[in-house]
Amino acid sequence: MEKTIQSIDMHMNQIVPSIDRLSDLPDDAICHILSFLPTKISVATSILAKRWRFLWAHVPNLDFGRCDFSIKAEYSDIIHRIMLLHKVKSMTTFRLFHIYSDKYQLETWITIAIERNVQNIDLHIVVRLPRLLEELIIDESYIMDESYIIDGKLDCFNISSPTLKKLTVDFPFNLDLKVKINAPALRYLQVYDCSCVYIIVSPMPSLIEADICVNNCSLEEDEVVKFLRCLGLLFSYLEFLLSNLVTFVLSKQIPLHFLDIDVSGSIVQFDHLTRLELKLDIDWRSLIKLLEIAVNLEVLIVDVDVSYWMEAKQVPICLLLHLRNIRIDQMRYTDHEFNMVRYFLRNAKVLKRMEIYCQDIEIDFKAKFDALQRISLFERGSEACQTKDTDTTEKKIENHLPLDEE
Amino acid sequence: MVTTDEKGPLTAKKKSVIIRSCDGDEFLVSESAAVLSTSLKKILEEKEDRLIHLSDIDNKTLAMVIAYLSTHADDGLSDDLKRSFDQEFVSGKEFDVLKYLVLATDTLQVTCLCYTVAKKMADIMKNKLVEWVRREFDIQNDYTPEAEAEIRRLDAWAWDDRQLEDD
């Protein structure tokens, strides 16, 4: 540092007054340039001249990134100071990387960012919790436009924003985490590893895409119950509030029949849902129930373990009018699955394409051929329908199989 | 001097405009390229004038901006090609040149070029000595040594471990 000051002094002595060509550049343009730099560097420009003293405070983002910020407790104070001095009314990005801080500080900063209409929050944080003393460093995640990506380790996390459009919640490992989401403008919601997460959502009338991935195989019995409750809560809210849902992906790895609990008795419709992807072991009644409320469904992708299938009394409207594509992943060729396939083929009146992928690549050609023979004899409700049965390993077998019809 | 843009002679069907730089050079630009600049678009919408005089952009900078606009207006080029053109466009350019470009894009309101240039300038500025930045930006240090030392003390964290280079 000493050396730098010296060289600057020398420079000062030599300098001949010249036109500050950069004064041609408006402050906005300078702030635009600085916005590509970490906050640390934009703060460092305050040394250049009086005009630059607080220019950094007008840079639309705050980026306390990984490369330029050490993991030291005193940096919390620095961030605090910077946030207080920062003057921007609409922030684009607020990024924190591996900062030690307590949850109160973190909540304060996020509150400030949200009050400044932040569009992106990107947190990669290490939070010391009294009960769980081990420090956890969360993996890097990606930032998206108009989104918050929150990886964290906190007891309760409130996400509240009137403008938030995209939200990814990814909280691995924390068993007692609660997440409250109040984001009425949200359009995209992704929740990963939420097996242990209590998620409480407020109305999201603009939501068009929800991707809920439940991903935990090692839950104990009581955790399963707890998890069921929170997911049930989430799902009942989704049912109740998401009238614009266009795509809905639901996946998990543990066998639960929670949809049965929550979907049945629902009088709500997913009027705008056109694509439904299910990757879970779903009860047949829950599946039919989902199809009933998704009246305009066009694409159905099921990667499910159908252990039982029974014909429903009434055919869901989407099958009669809209469902054009069905993909069945992980077919095991059980009788119940054949019944399901038969049901879809008979009742889906506008179906154009059904794809079936078998679960076990060991299944020999003979078995597959028999299966195709069997399926080919099923009654077709739609004349335009073509069926395709293929290995998961060979997804693009065109015109090789007996059932490929134009 | 009338220069056609990179797409070659313009067909009679295609509308074009003449843009004049502050030093009097004139450039013939297709309208589809010109309207990528929000400012030019506004001018063209307001009046039928086919000659636009830009009093604060010199001919070198204007030629570069027009080359950029023409490339981006070319429907025959894929987005990937345009992206690699953008990379090529800013690489190896002097900081000074980029400064005039960022000023011009600010005046002409060409958002995507402004982004590309500003990002490049930020990349160059990274890890440079204070002195380097002052020199390249022609900034006169109007702090007293005491005031400067005080700022360094206040925000010492901003300088503590920077890898500095000087050109």
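Look a little higher up for the structure.
Only a predicted model underlies this, so the values are computations on that prediction, with no experimental measurement involved.

Q: Talk me through the overall build of chain A; I want residue IDs and the actual numbers.
A: If you tally the helices and strands in chain A, you get eleven helices and 16 strands. Taking all 406 residues of chain A together, 52% fall into the buried category. Long-range pairs, those at least 24 residues apart, make up 62% of the contacts in chain A between residues at least 6 apart in sequence. For chain A, the computed accessible surface area is about 18,600 Å², with 52% contributed by carbon and sulfur atoms.

Q: Outline the overall build of chain B, supporting the account with residue identities and numerical values.
A: If you tally the helices and strands in chain B, you get eight helices and four strands. Along chain B, from the amino end to the carboxyl end, the secondary structure elements read β-β-β-α-α-β-α-α-α-α-α-α. Buried positions account for 44% of the 167 residues belonging to chain B. Across chain B, the fraction of contacts at a sequence separation of at least 24, relative to all contacts at a separation of at least 6, is 62%. As presented, chain B carries roughly 8,600 Å² of accessible surface, and 51% of it is formed by carbon and sulfur atoms.

Q: Could you give an account of the pairing of strand E3 (residues 26-30) of chain B, with specific residues and numbers?
A: Residue and element names in this part refer to chain B. Among the five residues of E3, five are classified as buried, and the element is accordingly described as predominantly covered. What you see with E3 is no split at all: Glu26, Leu28 and Ser30 on one side and Phe27 and Val29 on the other are buried throughout. The pairing of strand E2 (residues 16-20) with E3 spans five bridges and is antiparallel. Paired with isoleucine 19 across the bridge in E3 is phenylalanine 27. Hairpin connection between E2 and E3: a loop of five residues separates the two successive antiparallel strands, and glycine 24 in this loop has a positive phi of roughly 95°.

Q: Explain the packing of helix H3 (residues 59-73) of chain B against helix H5 (residues 95-108) of chain B to me, using residue names and the numbers behind them.
A: All names here are of chain B. It is the contact of H3 with H5, at a shortest axis distance of 10 Å, that shows an interaxial angle of 65°. As the angle between them shows, H3 and H5 are arranged roughly perpendicular. When the axes of H3 and H5 are compared, the crossing they make is right-handed. On H5, the residues touching Thr61, Met64 and Val65 of H3 are Val97, Tyr100, Leu101, Ala104 and Leu108. Per-class residue counts for the contact of H3 with H5 are seven nonpolar, one polar and no charged.

Q: Describe in detail the environment of Leu154(B), supporting the description with residues and values.
A: By the element assignment, Leu154(B) lies in helix H8 (residues 145-154). For Leu154(B), the residues in contact, after removing those within four places along its chain, are Arg53(A) and Arg81(A).

Q: If you had to explain the environment of Ile47(A) to someone new, which residues and values would you point to?
A: Counting through the fold element by element, Ile47(A) comes out in the loop between helix H3 (39-44) and strand E1 (61-64). A relative accessible area of 0% means that Ile47(A) is categorised as buried. If near-sequence neighbours (up to four positions away) are discounted, Ile47(A) is found in contact with Val130(B), Arg134(B), Asn141(B), Tyr143(B), Glu148(B), Ile151(B), Arg152(B) and Trp159(B).

Q: Which residues make up the nonpolar core, and what are the values?
A: Counting 83 residues, the largest nonpolar core has Trp52(A), Ile82(A), Phe94(A), Val29(B), Leu54(B), Val117(B) and Met125(B) as the members making the most contacts within it. Looking at this core element by element, the count peaks at eight residues for helix H6 (residues 111-125) of chain B. The next biggest cluster of nonpolar side chains, apart from the first, holds 37 residues, and it includes Leu276(A), Trp309(A), Ile326(A) and Ala348(A).

Q: Please set out helix H7 (residues 130-137) of chain B residue by residue, giving values where relevant.
A: All names here are of chain B. Burial analysis of H7 places six of its eight residues in the buried class, the great majority of the element. The complete set of buried residues in H7 reads Val130, Glu131, Trp132, Val133, Arg134 and Phe137. Looking at the residues trailing H7, positive phi occurs at aspartate 138, about 55°.

Conventions used here
- Residues numbered from 1 in each chain as written.
- Chains lettered and ligands numbered in written order.
- Predicted model: local features only at pLDDT ≥ 70, side-chain atom pairs only at ≥ 80, totals over all residues.
- Heavy atoms only, no water.
- Helix = DSSP H or I, 4+ residues; strand = E, 2+ residues; numbered from the N terminus.
- Buried < 20%, exposed > 50% of the residue type's maximum accessible area, 1.4 Å probe, protein only.
- Contact = heavy atoms within 4.5 Å.
- Areas by Shrake-Rupley, 256 points an atom, 1.4 Å probe, with all protein chains shown as cover.
- Pairing = 2+ DSSP bridges.
- Axes fitted to C-alpha atoms, helices over the stretch in contact; angles between N-to-C directions.
- Parallel < 35°, antiparallel > 145°, perpendicular 65-115°, else oblique.
- Left-handed = near helix turned anticlockwise from the far one by under 90°.
- Nonpolar A, V, L, I, M, F, W, Y, C, P; charged D, E, K, R; others polar.
- Core = buried A, V, L, I, M, F, W, Y, C linked by side-chain atoms within 4.5 Å.

Taken by themselves, the reported measurements are silent on function.
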